[in-house]
Every structure is written in C-alpha cells, then in structure tokens.
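Topology and contacts: notes
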Amino acid sequence: MLLCLLYFKFLIKIWFIIRPLLSKPQSIHTCDQRSPKIFDLFILSDTDSYTSSRTGSEKDSDIYDELRDKMSLISMMAPHPDLLYKEAITAPGGTTKERHPILVIPDNARLGSLTDEEASCLLSYYCKIHTHAEQKRGFVIIVDRRNDTWLATRATLWKIREHFPAPVELIYCLEPNSILQKTFGAGLKQVNGYNLPVRFLQKAEDLCSDGFFTLDQLPPTLGGPLLYDHKTWCSHRLAVEKYEMNTCELDAESTDVMDKMRNTDLPNETDETDEMIKEQLVMRNHLKTDVNEGIKRGNALQEVMLQFDNDKKKVVNLERVPDRMRNILTIRDCMERLAFVEKQFDNFWSEHYPMLLQCQQLRKFEVKFRNLWPTMNERLQALNKLNDKIEQSVDLVKSEAVADIIQDIEEITPQAKDILAMGKRLIATRHYADDSIRPKCKELEGVIALLESKSRNCDEKLARCTELEERINKAEKWCRDGMDRLGARWTITPDASAAGIIHDIDAFLKEADAFKLDNPKEFHNLFKTHATREMNERLPELLREVEEVTELCVARKTSLGWSKEMKDSTDGRRSSLSVAGSRFVRAGSR
C-alpha cells in the first residue's frame, strides 16, 4: 500500500513537470516586464500628492484629464458594486523598506473564484488607488493560502499573472498547511510555470526573514500590529474618492468661470453692464460657497478618519492605521488644492472686478454725457440769440421764454460740472478708457466756460438794460409831471406864494437826479454799450423833452423873482443835458 502511494505521488510530480511544457507560453509580469496594453490605460499624476506649489501656468487640459481619471476610478467599480466588499484583496497600507506598497490576498479563496473581468477590474482598481510613483516602483503581494488548497493557490497566482497591470517586485505565498496539501505541494513549488517572482513560505513568521520589510507593516492576520477593517476601509475609500472628484470638479469649474469672465465682452449700455456685474457676482459667490463647503467637508472627513467606529475616540497612533493616514493625507492635499483654487480665483477677481466697476462708471459717464451734451449746445445757441434780442428790445428779453432759458442754464451748469468732475475722477484712477474720457472732459470744460461767460454777459446786459429802461421811464414820467405842474400848480394864488412855488420847482428839478441824465460821460457810455434799438429811437425825443421842461421850469422861476445865483446852477444842468443829447445823437448817427 505504501508503495502505491509513493508511486502515485511520483506520477503527480511528473505530470506537473510536463504540463507547462505542453501548454503555450504566455506573457508574464515581473519587476521588469508588464503589459503595455493594460498599463497604458492608467493616467495618473506624476507626483505623489497635490501641493500648493502648483502654478497658474499649468495647462487647463491637465485639470480635465485628472477629472476624467477620478471619474474613471469611480466608474471602474460601477458594473460590480459589491466586488470591493468581497475582500478578495486588501491594502492595509504597509510598505517595504524601499517603499513598495504591500497588498494582501486574504486566506478566503475569493480572488481565484472571480471571473477574468472581475479579477482584472479589482486588480486594476487596487493599482490605481496608489500613486504613479508607487506603481513604477512595483508592488509586493502577500498571498495567504494557509487554509486553502494548492489548486486555489495556483489559480490565485494565475489571476495575478494575467490581470495585474503593474510591475510586481515580489510575491510571498504562504503555503497550504494541511497534511494532504503539504504532501502534494512539493511538486507544485518546484514547478516554474508561474513566471512570477514567487517566494513560498510555510509560516507567517517567515515573511520578515529576508529583511525586505518589518513586522510592523503587516495586519494582525499576518502577525503584525496594523489595524485594518475592510468594511471601514471601503467606506472611507469611496468617500475619499468622491471628495477627490469633487475637488477636481471645483478646480475645473473655477477655470471655466475665470475663462468665461475673462472672455466676456464689456457691454455698451448701463443696464447691460449692471446685469453683467450682477451675473458675475452670483457666479463668484456660488464658486466661493462651493469651495468653502468643500473645505468644510474635508475637515469633517478628517474627523471621521480620526475616530474608531465603536467608541468614537480619536486615533492616537496613526502609524497603526496607515490606510487612514493615506486617506487623511489625500484629504489634506485636496483641501490645500481648494485653498489654492480659492486664492487663485481671489487674485483674478481682485483684478477683474475693478475693471467691471470701471466699465460701469464709464457707461454711466457716457450716458450722462450723451444726454446732457445736446441740451448744452441748445442752451448755448439760445444764449447767442438772447444776446441779439437784448440789442433789439427789452420787452422781448422780459418774455417767459428768456426766463426759462436762463433757468435751464442755471440748472444744467451744475450737472455739467458734476459730469466733468466724474470724468476727472475716472482719469485719476488710471481708467482703461482714459483716451476716450479725456476728449469728452475737454469738450465739457469748453462748453461750461462758454455758458458761464455768455450767461454772465447776458445777465449783465439785462441788468444794464433794465436799469436804463427804468431811468428812461422815470425821465418820461418826470417830463409829464413837469408839464402838468407848469400848467396848474406853479401859479401865484392866495394860497401859494412865489417863494413856495420856487421851492417846489427846485425840488422837482432835484428829482431829475434819480435818472442820472446830468452826467454826460456816464450817460454816453451806458447808452453806447447797452441801449437797445427801441431805446435809440426813444432817447433823442426824451432828451429834448427833458431839456424843454428844465428850461420852462427855469423860466417860471425867473418870472417869480428867482435870484441870479440859482439861475447859474440851473444853466449848468441844462448845459449838461445838451452835451449828453449831442453825444447820444452823434453815437446814434455812427
């Protein structure tokens, strides 16, 4: 019986030696060989983490490439939602001394039972959650098959060889430890059909015998101190991946918002400019809110990572949970990235928003200028016509239309000065449309100066004409009163003595000082500059009447016994009227 068993064992060894030679050789993955077809599908960042040293000169396409990578990582497991929870592979977070990531295939025979599609998806996922630098260094895989069979062990190694998309530095395989499996395992270990760097071990204590890594990098199932719970790891990993994708989306959204704002044409109307500013303020506030909410979610995720599931106490030693340490570092990288996105957008907004305000101020300035400019030109033309009217007739000047013109000018001049001051303020702030504002300000200054000058001249002419008109009216009334008094009042009666009449005549002649016709030089200058055509027609006759009334008054006084001294004074007044009249006549003839 014993001889039969030995003979049967010998046949099995011969079979396992011959079988690989009969099968078609296939490509393998070693530390120097990998499948380009599968590996090239991985597009990962060249850096281990995102830092704030990222400059604004990076291409926008990198952001969208990274976003597509994060989305592909999440969508990779979408066809197999429960595959990750089967615990066919674990990543407790340990590394070798040369920083090769350690993956553990638990002793549950689940990887070998997966289909090729499921195995490829799962192995690719565990590679992709590591950084590109870690993938290039290669992985160390520990295959625990102590309670399994050699057939399951062989199937597991075959899955790794066919579907692992990254270099494999070394595989530690814990052999099946049952008596039957040990009996038949010697032939399998001698078979070199895996084409993998496999090292078979009988005990977990032998994993650290070669000094490639230390015991503190292993989970408790392999005798190490690392704390690992697969369900917790899955929930944390999915939350971190979602947070990473949201971070990439916010980064891409920030780039899109800045490009949209930068490429928006500035409107030409005030209402459109106000609407554009409101729209961009809403976009800015929305982005800022999303970024701040993202940072808050990152802080909340860190708190979750730092707590145990049962007692909610803070994790004291993160070295015992390196998978959580990796997640926390990833979250902090995302938070730093969000802070950089916020700072980058704030820098852009600090330059962009003042330009929007300058555009808004420019549009308001242009609208006010366009609305007031025709009115100012109209009022300037009206002032020119008003000056012509003053020279024609005082009655025309006193019309309501002229009063309205003067009132309008008094109203629009302060408005024009306000617009001019607004333009000068814009120029002082180094406005981007300085070359457009300066000519308008220069035109405003010129028109304002003309309006003020012509308005001032017009007011002066109106005041002089009004004064002259009053003096002429007083003179005409004085002449009428003098004729009435000469005919009725200034005769000797029982009630009126000669001395009283002479006193009344002197008082009447004194009234002529009110219209100031006894100063030939002043009278001539006044009438020469401000006399209207109507006044030029009235004045010669008026001066003759004043002279005649004066002569009649003097004659009446003489008839009443007037003294020679008083007569000399009256003759002087009459000679002044004569001189004024002659100068006026000469001026009128000229």
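Bear in mind the structure is a predicted one, so any value in this text is a computation, not a measurement.

Turning our eyes to something else, we now look at the overall build of the protein chain. Counting secondary structure elements, the protein chain contains 17 helices and four strands. Within the protein chain, the fraction of its 590 residues that count as buried is 43%. Long-range contacts, defined as pairs at least 24 residues apart, comprise 81% of the intrachain contacts of the protein chain with a sequence gap of at least 6. Split by element, the accessible area of the protein chain, about 31,700 Å² in all, is 53% carbon and sulfur.

Attention now goes to the sheet that holds strand 2 (residues 139-144). Taken in spatial order, the four strands of this open sheet run 1-2-3-4, and their pairing is parallel. Since the sheet does not close on itself, it has two edges, and those belong to strand 1 (102-105) and strand 4 (198-201), each with one partner. Within this sheet the neighbouring strands show an average axis-to-axis angle of 20°, counted without direction. Across the sheet, helix 6 (residues 150-163) is in contact with strand 1, strand 2, strand 3 (168-174) and strand 4; its angle to strand 2 comes to roughly 160°.

Bringing the packing of aromatic side chains into the picture now. Taken as a whole and assessed by the stated rule, the structure comprises eleven aromatic pairs. Each member of the aromatic cluster is reached from another via a ring pair, and the members are Phe 345, Phe 348, Trp 349 and Tyr 353. Residue placement shows Arg 161 over the ring face of Trp 158; its charged tip is 4.6 Å from the ring centre. Across the ring face of Phe 369, the terminal group of Lys 440 is positioned such that the distance to the ring centre comes to 6.0 Å.

Another point: empty space enclosed by the protein. Within this structure, the stated rule accounts for three cavities of 30 Å³ or more. Looking at the largest cavity, its volume works out to about 120 Å³. Taken together, 14 residues form the lining of the largest cavity, with Ala 91, Gly 93, His 130, Trp 233 and Arg 326 sitting closest to its centre. Counting residues per element, the ones that place at least two in the lining of the largest cavity are strand 1, helix 8 (230-263) and helix 10 (322-392). Counting residues per element, the lining of the largest cavity draws most heavily on helix 10, which supplies three residues. Its residues assigned to classes, the lining of the largest cavity shows six nonpolar, five polar and three charged. Taken domain by domain, the lining of the largest cavity gets at least three of its residues from each of domain 1 (78-180 + 190-226) and domain 2 (229-365).

Quick look at the nonpolar core now. Counting 34 residues, the largest nonpolar core has Leu 122, Tyr 126, Ile 141, Ile 160 and Phe 164 as its most contacted members. Among the elements that take part in this core, helix 4 (residues 116-128) stands out by supplying seven residues, more than any other. Residues in contact with Ile 141, not counting those within four places in the same chain, are Leu 103, Ile 105, Ile 160, Phe 164, Val 168, Leu 170, Ile 171 and Tyr 172. Counting 28 residues, the second largest nonpolar core, distinct from the first, contains Ile 419, Ala 433, Leu 444 and Ile 448.

What follows is about the environment of Arg 161. Topologically, Arg 161 is positioned in helix 6. The sequence separation of Arg 161 and Leu 196 amounts to 35 residues, and the corresponding C-alpha distance is 7.0 Å. A polar side-chain atom of Arg 161 sits 2.9 Å from a polar atom in the side chain of Glu 162.

Moving on, we get to the pattern of salt bridges. Tallied over the full model, the rule gives 19 salt bridges. Across the pair Arg 161 and Glu 162 runs a salt bridge, and its minimum N-O distance is 2.9 Å. Asp 481 is paired through a salt bridge with Lys 477; the nearest N and O atoms lie 3.0 Å apart. Highlighted residues: Asp 481 and Lys 477, both in helix 13 (residues 434-488), separated by four residues, approximately one helical turn. Asp 481 sits in the partly exposed class, given a relative accessible area of 23%. Under the relative-accessibility criterion, Lys 477 is labelled partly exposed at 45%. Salt bridges sharing common partners tie together Arg 237, Glu 241 and Glu 244.

This part takes up unusual backbone geometry. Here Arg 99, not a glycine, exhibits a phi torsion of approximately 65°, which is positive. Tracing the chain through its elements places Arg 99 in the loop between helix 3 (60-76) and strand 1. Residue Arg 99 is classed as partly exposed on the basis of its relative accessible area, which comes to 47%. Even without being glycine, Arg 430 reaches a positive phi, approximately 60°. Assignment of secondary structure puts Arg 430 in the loop between helix 12 (400-428) and helix 13.

Once that is clear, we can look at the confidence of the model for the protein chain. Residues with a pLDDT of 70 or more make up 71% of the protein chain, whose mean pLDDT is 76. Note on residues 564-570: pLDDT under 50 across the span, and nine contacts to partners over four residues away in sequence or across chains. Across residues 579-590, confidence stays below pLDDT 50; counting only partners more than four residues off in sequence or on other chains, it has 18 contacts.

Mapped onto the elements of the fold, Thr 273 is located in helix 9 (residues 270-305). You can call Thr 273 buried: its relative accessible area is 0%.

Where burial is concerned, the two faces of strand 1 agree: the one with Ile 102 and Val 104 and the one with Leu 103 and Ile 105 are both buried. Where strand 1 meets strand 2, four bridges bridge the pair, whose relative direction is parallel. In the sheet register, Ile 102 faces strand 2, and the bridge partner there is Val 140.

For the rest of this paragraph, the subject is the pairing of strand 3. Counting buried positions over the seven residues of strand 3 gives six, a clear majority of the element. Direction of pairing for strand 2 relative to strand 3: parallel, over a ladder of six bridges. The residue of strand 3 that forms the bridge with Ile 142 is Tyr 172. Traced from strand 2 through helix 6 to strand 3, the parallel crossover comes out right-handed. One ladder, built from four bridges, connects strand 3 with strand 4; its direction is parallel. Across the sheet, residue Leu 174 finds its bridge partner in strand 4, namely Leu 201.

The rules behind the values
- In this convention, every chain numbers its residues from 1, walking through the sequence in written order.
- Reporting in this predicted model follows two pLDDT cut-offs: at least 70 for local features of residues, and 80 or more for side-chain atom pairs to be given and counted; totals over whole chains, interfaces and linings ignore these cut-offs and use all residues.
- The side-chain figures draw on all heavy atoms in the structure; neither hydrogens nor water molecules are used.
- Each helix corresponds to a stretch of at least 4 residues labelled H or I by DSSP, and each strand to a stretch of at least 2 residues labelled E; elements are numbered beginning at the N terminus.
- For the exposure calls, accessible area comes from a 1.4 Å probe over protein chains only, and a residue counts as buried if that area is under 20% of its type's maximum, exposed if over 50%, partly exposed in between.
- Should any heavy atoms of two residues lie within 4.5 Å, those residues are considered in contact.
- The protein chains shown are the only cover counted for residues, whose accessible areas, like all others here, come from Shrake-Rupley with a 1.4 Å probe.
- Two strands make a pair as long as DSSP finds a minimum of two bridges between them.
- To obtain an axis, a line is fitted to C-alpha atoms, over the contacting stretch when the element is a helix, and the angle between two such axes runs from 0 to 180 degrees between their N-to-C directions.
- Here a Phe, Tyr or Trp ring, Trp counted by its six-membered ring, pairs with any other such ring whose centre lies within 6.5 Å, and the pair is stacked when the planes are under 30 degrees apart, edge-to-face when over 60, and tilted otherwise.
- Charge-over-ring placement is defined geometrically: NZ (Lys) or CZ (Arg) within 6 Å of the ring centre, and within 35 degrees of the ring normal.
- Cavities and pockets were defined on a 1 Å grid built over protein atoms only: a cavity is a set of grid points that admits a 1.4 Å probe from which the probe cannot escape, a pocket is an open set flanked by protein on both sides within 12 Å along at least five of seven lines, and lining residues are those with an atom within 4 Å of any such point.
- Grid points are joined across faces, edges and corners, and a volume is the space filled by probe spheres set on the points.
- The nonpolar class holds Ala, Val, Leu, Ile, Met, Phe, Trp, Tyr, Cys and Pro. Asp, Glu, Lys and Arg form the charged class, and all remaining residues, Gly among them, are polar.
- These domain limits were set by an automatic method or by a database of domain assignments.
- Only buried residues count toward a nonpolar core, which is a set of Ala, Val, Leu, Ile, Met, Phe, Trp, Tyr and Cys residues joined through side-chain atoms within 4.5 Å.
- Polar contact is defined as a pair of N or O atoms within 3.5 Å, subject to the rule that within protein one atom must be able to donate a hydrogen and the other to accept it, and that residues adjacent in sequence are counted only when both atoms are side-chain atoms.
- One side-chain nitrogen of Lys or Arg within 4 Å of one carboxyl oxygen of Asp or Glu is enough to make a salt bridge.
- pLDDT: the predictor's confidence for each residue, scored from 0 to 100.
- Place the viewer so that the strands point away; then a crossover is right-handed whenever the path from the first strand over the helix to the second strand goes clockwise.

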